[in-house]
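Below are the chains, spelled out letter by letter.
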Amino acid sequence: MMIARLLTTRLGMAAVLAAIPAMASAADLAVSPTGPALQEIIAGATAGDVLALEPGAYAGPITIDKPLVIAGKPGATIAGNGKGSVVTIGAPGVTVRGLSVSGSGRDLTTRDSGIYAGQAATGAIIEDNTVTDNLFGIYLYGAVDSVARNNRITGLQSGRMSEAGSGVTIWNAPGAKVLGNDIRFGRDGIATMASKRNVFSHNRFSDLRFAIHYMYTDDSEVTDNVSTRNSVGYAIMYSSRLKIIGNLSDGDRDHGLLLNTAKSSEVRDNTVIGRMQPVDRWLSAGTQSGEHGLPKTANDAVVAANGERLGPEKCVFIYNANKNRFFDNLFENCAIGIHFTAGSEGNTMTGNAFINNRNQVKYVGTRYLDWSNEGRGNYWSDNPAFDLDGDGIADNPYRPNDLIDQVLWTSPQAKILMSSPAVQVIRWAQAQFPALLPGGVVDSHPLMAPIAPKKAIQ
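Residues numbered from 1 in each chain as written. Predicted model: local features only at pLDDT ≥ 70, side-chain atom pairs only at ≥ 80, totals over all residues. Heavy atoms only, no water.

Peer 1: Help me out: how do you make sense of the confidence of the model for the protein chain in this one?
Peer 2: Keep in mind that low pLDDT regions are not for reading the predicted coordinates in detail. Mean pLDDT over the protein chain stands at 85; residues scoring 70 or higher make up 79%. Every residue in residues 1-24 scores below 50 in pLDDT, and together they form one contact with partners more than four places removed in sequence or on other chains. Taken as a whole, residues 284-289 scores under 50 in pLDDT and shows eight contacts with residues more than four places along the chain or in a different chain. (pLDDT = per-residue confidence, 0-100. Contact = heavy atoms within 4.5 Å.)

Peer 1: Help me understand the environment of leucine 29, please; the structure alone is not making it clear to me.
Peer 2: Looking at the secondary structure, you find leucine 29 in strand S1 (residues 28-31). Look at leucine 29 and you get partly exposed, because its relative accessible area is 30%. Setting aside residues up to four positions removed in sequence, leucine 29 forms contacts with Asp49, Val50, Leu51 and Ala52. (Helix = DSSP H or I, 4+ residues; strand = E, 2+ residues; numbered from the N terminus. Buried < 20%, exposed > 50% of the residue type's maximum accessible area, 1.4 Å probe, protein only.)

Peer 1: How do you make sense of the packing of aromatic side chains when you look at a structure like this?
Peer 2: Aromatic ring pairs are described here by two measures, namely the spacing of the ring centres and the angle between the planes. This structure, assessed with the given rule, holds 14 aromatic pairs. Taking NZ or CZ as reference, arginine 111 lies 3.9 Å from the ring centre of tyrosine 141, over its face. Over the ring of phenylalanine 210 we find arginine 209; its NZ or CZ atom is 4.4 Å from the centre of that ring. (Phe/Tyr/Trp six-rings, centres within 6.5 Å; stacked < 30°, edge-to-face > 60°. Lys NZ or Arg CZ within 6 Å of the ring centre and 35° of its normal.)

Peer 1: What's the story with the state of the cysteines in this structure? I'm lost.
Peer 2: As used in these notes, a disulfide is a covalent bond between sulfur atoms, one from each of two cysteines. Taken as a whole and judged by the stated rule, the model has one disulfide. The partner cysteine of cysteine 315 in its disulfide is cysteine 334, sulfur to sulfur 2.0 Å. Classification of the bridge connecting cysteine 315 and cysteine 334 rests on its S-S torsion, roughly 85 degrees, and on that basis the disulfide is right-handed. One end of the pair, cysteine 315, is in strand S35 (residues 314-319); the other, cysteine 334, is in the loop between strand S37 (330-332) and strand S38 (336-341), and 19 residues separate them in sequence. By relative accessible area, which is 0% here, cysteine 334 ends up buried. (Disulfide = S-S within 2.5 Å.)

Dropping the structure here:
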């Protein structure tokens, strides 16, 4: 045992001593835009060198094939030639910091990007850069444990949104983190596919299709992000065991939060706020597409006298999403608070606040769903409840929908009968005899007041 320990100690010391010459040879190198080409300087650099780029324009594209730090001083820019990626990272342990990067190609199939970290770029750090006018902003393609932090990314603003790339794209990069970035325009803010153990936190998104677009990415976190003026805030699809906590969707168009085949996730302390928006936000070539479950015509939606519509159309859209826990969220001022459909089962709803939504819940089904847990339900702003014992729980259950609501959803033309005596009699009868109700959502322990916010999103 003593011999084994001594051998291990000596081997460890030998490894440290072997690394000293390489570390000692690393240097801080000042790089000028009037000197040799940046790619030539990279080729002549030693692993561990820090290349400090003076202000000025440097020609791209460049490839970093050894562990280096490329650090730009204010005003240092790398401009591509419109072909391929501008900066390509092809080695582990690379840092790219403080640069303005623009001018990538426009080929989606080759993933043309402002900064591209490939499968060899383990532990890459991409921070404090300004990335503009590129097809993709930052692409982490298999770059395990990489970090994209505090970058300002502006995507393409002309052409079709579907033909643009995303601000930050992740493919099969376990452990990658996207933190504190400001992302505008292009297709999606962050798009992830076939990955795991990722963290997306404290990012800000605007003028995009989806702020965050999740596909087949498990065991990850989406926390404290802010989405404004996007088509959808947070689109979570085909992913499991996520933590979706403390995010804000403010004035997004279609949905604040969309869960499609998302399972076993924790959704808490999120806020979705709707606002009146110009109707032309829903139009493409003068017509509405009806995508993502939206109304196909303006007549199907509520339009204000000034030509504006309330958005999001749905604070939350839950489609075939099972065994999730929704608690302590705020859903306010949407056309629909939650649209719940496609056999979603085993979801827990408690402590949420549904405030001033035109329809608090849309659920077309015959099963009874109790949206309370362990004697604690949700707050409903339209619930005319009493609390005689003062325990904070309403004395009677709350049902957000009745038979007439379901008739209107399946046959919108029945709206013409809403003020008829027959409809009023049916609604009165259902209120007096709950057994007449055809299933649906019931909150057996509704709250008398909404929960106090646990944190302010900055």
